[in-house]
Amino acid sequence: MSTAGLHFLDKSRIVAPPTWSRWLIPPAALSVHLAIGQAYAWSVFKPPLESSLDLSGTASALPFQIAIVMLGLSAAFGGTTVERKGPRWAMFVSMTCFSSGFLLASLGMFLEQYWLVVFGYGFVGGIGLGIGYISPVSTLIKWFPDRPGMATGIAIMGFGGGALIASPWSAQMLESFGTDTGGVAQTFLVHGVVYAVFMSFGVLLVRVPAPDWRPAGWTPADVAARPLVTTANVSANSAIRTPQFWCLWVVLCMNVTAGIGILEKAAPMITSFFADTSTPVAASAAAGFVALLSLCNMLGRITWSSTSDIIGRKNIYRVYLGFGALLYLTIALSKDASKPLFIVCAMLILSFYGGGFATIPAYLKDLFGTFQVGAIHGRLLTAWSLAGVLGPLIINGVADAQEEAGKTGPALYTLSMYIMICLLAIGFIANELVRPVNSKYHEPPESVREQETVQPTTSAAGKGDGQ
Amino acid sequence: MTKEQERADHIPLKVVAWLWVGLPFAYGGYELIRKVTQLFTG
């Protein structure tokens with residue numbers, strides 16, 4: 001960082017002293033992920049935007065859609081800069097963009113200029129989402145080389161949890177300030193300020209371990225003995241030339257497509273499935289079903305990701321994709337025979353969806369090493385962008401076509417279930433094709449050491465407390 | 001200051017850090033559980 005006043009963001013200024021506890025890093029990561037996870041609660045703002053600015057449903061969704069596109073793009077293209085500049089710089093950029101996005105959106109509402117809302121929240125805020133999403137990944141993996149799945153699972157669970165916090169909080173604020181342009185503007189303003197303060201804590205708290213730091217009692221040989229886990233390192237530019245990267249890209253894309261489809265149509269799906277039975281599902285119960293799936297999505301992130309540290313990454317994706325396909329088959333075959341069976345299957349599918357997101361950074365670390373794992377993860381997230389379009393497109397397209405054909409109940413979704421099974425099977429095959437990365441892609445150790453070496457401000461070498 | 005003392009100094013920071021993220025999370029979780037109960041009572 002060349003700007004004198006911003007030296008505190010330098011990677012060299014945040015090398016942890018030997019006594020620093022690594023358990024301070026997950027809350028630092030969570031303070032960013034819980035904030036940016038707000039994006040999935042954008043739907044709370046749609047009705048007031050539509051009524052106050054006379055917008056269509058499509059127009060009111062635009063800030064969210066652009067934000068998600070920008071998330072993918074900034075994660076993909078900003079990854080190597082994030083690796084070079086370090087997590088504090090990345091979290092600061094994320095905080096600045098995300099909060100500024102809300103402030104610009106607030107100004108847009110005060111001036112009744114919707115383009116400013118779209119630009120602020122969507123474009124500027126979206127950059128904050130992408131940089132923030134990848135900012136703690138590589139740092140967490142370096143602090144928890146013995147439990148990378150659990151560490152990244154905590155952070156990525158936070159992204160799921162962010163919407164759970166923002167949704168009721170934003171709704172209550174709109175109730176207080178009102179749903180006219182002034183009320184929405186004030187709500188955006190408070191969001192921008194509160195999220196800036198909340199994320200700043202993570203910016204100040206985050207530290208990187210010294211290059212030779214290891215958890216007490218742990219050596220790299222402990223994990224290197226496991227299949228597919230390497231102690232070598234691959235750069236982000238080399239990683240995208242390997243078949244392993246594209247296998248994992250397909251795995252993530254298929255897993256997310258299958259989960260997002262059911263998540264997006266959860267309420268109408270459960271209502272339609274049991275409409276012709278003796279116990280139809282009321283609207284309030286359908287809302288409860290959606291909330292239950294969100295809970296499973298969140299808990300799956302930490303539970304399955306931590307489990308992958310024990311049973312291995314390839315095995316856990318066999319469960320997500322193989323068992324996930326069987327669950328879809330169970331729903332398709334049982335139709336409206338059993339509501340509890342439908343609910344349990346959907347819960348597991350959504351937990352696998354969350355688990356797929358949370359486990360992928362650890363899978364990348366196993367295959368490509370820790371050197372530029374954040375940047376590689378950023379590039380892999382383009383699979384999420386495609387899946388975000390593909391999943392809803394399949395479920396909605398098939399349901400609409402079946403409805404036009406005069407079908408009702410489970411028949412609206414049965415074909416979609418079989419399509420999802422095929423997609424999961426493709427993902428399963430891609431996972432089976434994953435092999436250790438050819439050594440020709442490995443970076444020379446001295447080059448990695450040179451690029452990773454930072455000058456600590458305190459004596460930072462040695463073993464940490466490992467607590 | 002010994003390493004043990006420095007480690008002990010981090011305990012209040014750890015408590016504050018986890019409360020900082022834990023309290024909003026608990027609020028979100030509470031609101032979510034309230035909605036989930038509608039599935040069984042709605």
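Residues numbered from 1 in each chain as written. Chains lettered and ligands numbered in written order. Predicted model: local features only at pLDDT ≥ 70, side-chain atom pairs only at ≥ 80, totals over all residues. Heavy atoms only, no water.

### Structural notes on the packing of aromatic side chains
All names here are of chain A. Operational definition: In summary, the pairing rule links any two rings of Phe, Tyr or Trp, Trp by its six-membered ring, whose centres are within 6.5 Å, and it sorts them by plane angle into stacked for under 30 degrees, edge-to-face for over 60 and tilted for everything else. Under the DSSP-based scheme used, a helix requires at least four consecutive residues in state H or I and a strand at least two consecutive residues in state E, with every element numbered from the N terminus. Only protein chains enter the accessibility calculation, which uses a 1.4 Å probe; a residue is then buried when its area is under 20% of its type maximum, exposed when over 50%, and partly exposed in between.
Enumeration over the complete set of coordinates arrives at 35 aromatic pairs over all chains. Each ring, one from F273 and one from Y413, has its centre 6.2 Å from the other, and the planes form 20 degrees; the classification is stacked. Taken together, the positions of F273 in helix α12 (residues 266–273) and Y413 in helix α18 (residues 411–432) put the pair 140 residues apart, joining distant regions of the chain. For the pair F273 and Y413, a shared accessibility class is recorded, and that class is buried.

### Here's the deal with the nonpolar core
Residue and element names in this part refer to chain A. Inclusion rule: Residue types Ala, Val, Leu, Ile, Met, Phe, Trp, Tyr and Cys, when buried and joined through side-chain atoms within 4.5 Å, form a set referred to as a nonpolar core. Note that the domain bounds reflect an automated or database-derived domain assignment.
Counting residues in hydrophobic clusters, the biggest one holds 161 residues, and the most contacted among them are L49, Y133, F188, F289, Y328, F342 and F368. Ranked by the residues each element gives to this core, the list is headed by helix α15 (residues 339–368), at 15 residues. The two domains that each donate at least three residues to this core are domain 1 (4–216) and domain 2 (223–438).

### Focus on the interface of chain A and chain B
We count it as follows: For this analysis, residues touch if any pair of their heavy atoms sits within 4.5 Å. Once two parts are put together, the accessible area they lose, assessed with a 1.4 Å probe and summed over both, is termed the buried area. Definition used for salt bridges: Asp or Glu carboxyl oxygen within 4 Å of a side-chain nitrogen of Lys or Arg. Here a polar contact is recorded for every N or O atom pair within 3.5 Å, except that within protein the pair must consist of a potential hydrogen donor and a potential acceptor, and residues adjacent in sequence are included only if both atoms are side-chain atoms. The nonpolar class holds Ala, Val, Leu, Ile, Met, Phe, Trp, Tyr, Cys and Pro. Asp, Glu, Lys and Arg form the charged class, and all remaining residues, Gly among them, are polar.
With 38 residues of chain A in contact, the opposing surface of chain B contributes 23 residues. Area buried by chain A at its contact with chain B is led by T19(A), I165(A) and F201(A), which between them contribute 20% of it. At the boundary of chain A and chain B, one finds zero salt bridges. The interface formed by chain A and chain B holds six residue pairs in polar contact (both at pLDDT 80 or more) in total. Mapped by element, the contributors of at least two residues to the side of chain A that touches chain B are α1 (25–36), α7 (148–177), α8 (181–205) and α13 (283–311) of chain A. It is α13(A) that provides the largest number of residues to the side of chain A that touches chain B, a total of 10 residues. Here the side of chain A that touches chain B is built from residues that sort into 26 nonpolar, 11 polar and one charged.

### Digging into the pattern of salt bridges
Residue and element names in this part refer to chain A. In the structure shown here, the tally under the stated rule is seven salt bridges over all chains. One salt bridge in this structure joins D146 and R22, with 2.9 Å as the shortest N-O distance. With D146 in the loop between α6 (137–143) and α7 and R22 in the segment before α1, this pair connects stretches of sequence that are 124 residues apart. Among the residues examined, R22 registers a relative accessible area of 1% and is labelled buried. D366 is paired through a salt bridge with R313; the nearest N and O atoms lie 2.8 Å apart. Taken together, the positions of D366 in helix α15 and R313 in helix α14 (residues 313–334) put the pair 53 residues apart, joining distant regions of the chain. Each member of the pair D366 and R313 is classed as buried. Sharing partners across several salt bridges, the network here consists of R22, D146 and R147.

### Focus: α12(A)
Residues and elements named next belong to chain A. Which entries qualify depends on this criterion: Working definition: the arc comes from the directions between the helix axis and the C-beta atoms, pointing outward to the latter.
Along α12, the residues classified as buried are A266, M269, I270, S272 and F273. When α12 is viewed along its axis, its buried side chains cluster within an angular range of 165 degrees and face the same direction. As for α12, its buried residues are in contact with α11 (243–264), α13, α14, α15, α17 (382–404) and α18.

### Focus on the side chain of S170(A)
Counting through the fold element by element, S170(A) comes out in helix α7. For S170(A), the residues in contact, after removing those within four places along its chain, are V44(A), F45(A), T187(A) and H191(A).

### Here we look at the packing of α1(A) against helix α5 (residues 114–134) of chain A
Residue and element names in this part refer to chain A. The cut-off we apply is this: To get an axis, fit a line to the C-alpha atoms, keeping to the stretch in contact for a helix; angles then go from 0 to 180 degrees between the N-to-C directions. It is the rotation of the near helix from the far one that decides the hand of a crossing: anticlockwise by less than a right angle makes it left-handed, clockwise makes it right-handed.
The interhelical angle for the contact between α1 and α5, taken along N-to-C directions, is 145 degrees, at an axis separation of 9 Å. Considering the relative orientation of α1 and α5, their crossing is left-handed. Facing α1, whose interface residues are V32, H33 and I36, α5 presents G128, L129, G132 and Y133. Partitioning the contact of α1 with α5 into residue classes produces four nonpolar, three polar and no charged.

### Comments concerning the environment of E31(B)
Looking at the element boundaries, E31(B) is found in helix α1 (residues 3–41). Taking C-alpha positions, E31(B) is 18 Å from W20(B), a pair spaced 11 residues apart along the chain. Those residues in contact with E31(B) that sit more than four places away from it in its chain are P168(A) and Q172(A).

### Some remarks on the domain arrangement of chain A
All names here are of chain A. Assigned domains of chain A: these are domain 1 (4–216) and domain 2 (223–438). One C-alpha centre belongs to domain 1, the other to domain 2, and the line joining them spans 24 Å. Facing 28 residues of domain 1, the contacting portion of domain 2 comprises 29 residues. Here domain 1 packs against domain 2, burying approximately 2300 Å² in sum over the two surfaces, 71% of which is carbon and sulfur. Here domain 1 and domain 2 share zero salt bridges between them. Our count for the domain 1 to domain 2 interface comes out at eight residue pairs in polar contact (both at pLDDT 80 or more). Put simply, the parts of the chain that give the side of domain 1 that touches domain 2 at least two residues each are α3 (57–85), α5, α6 and α7.

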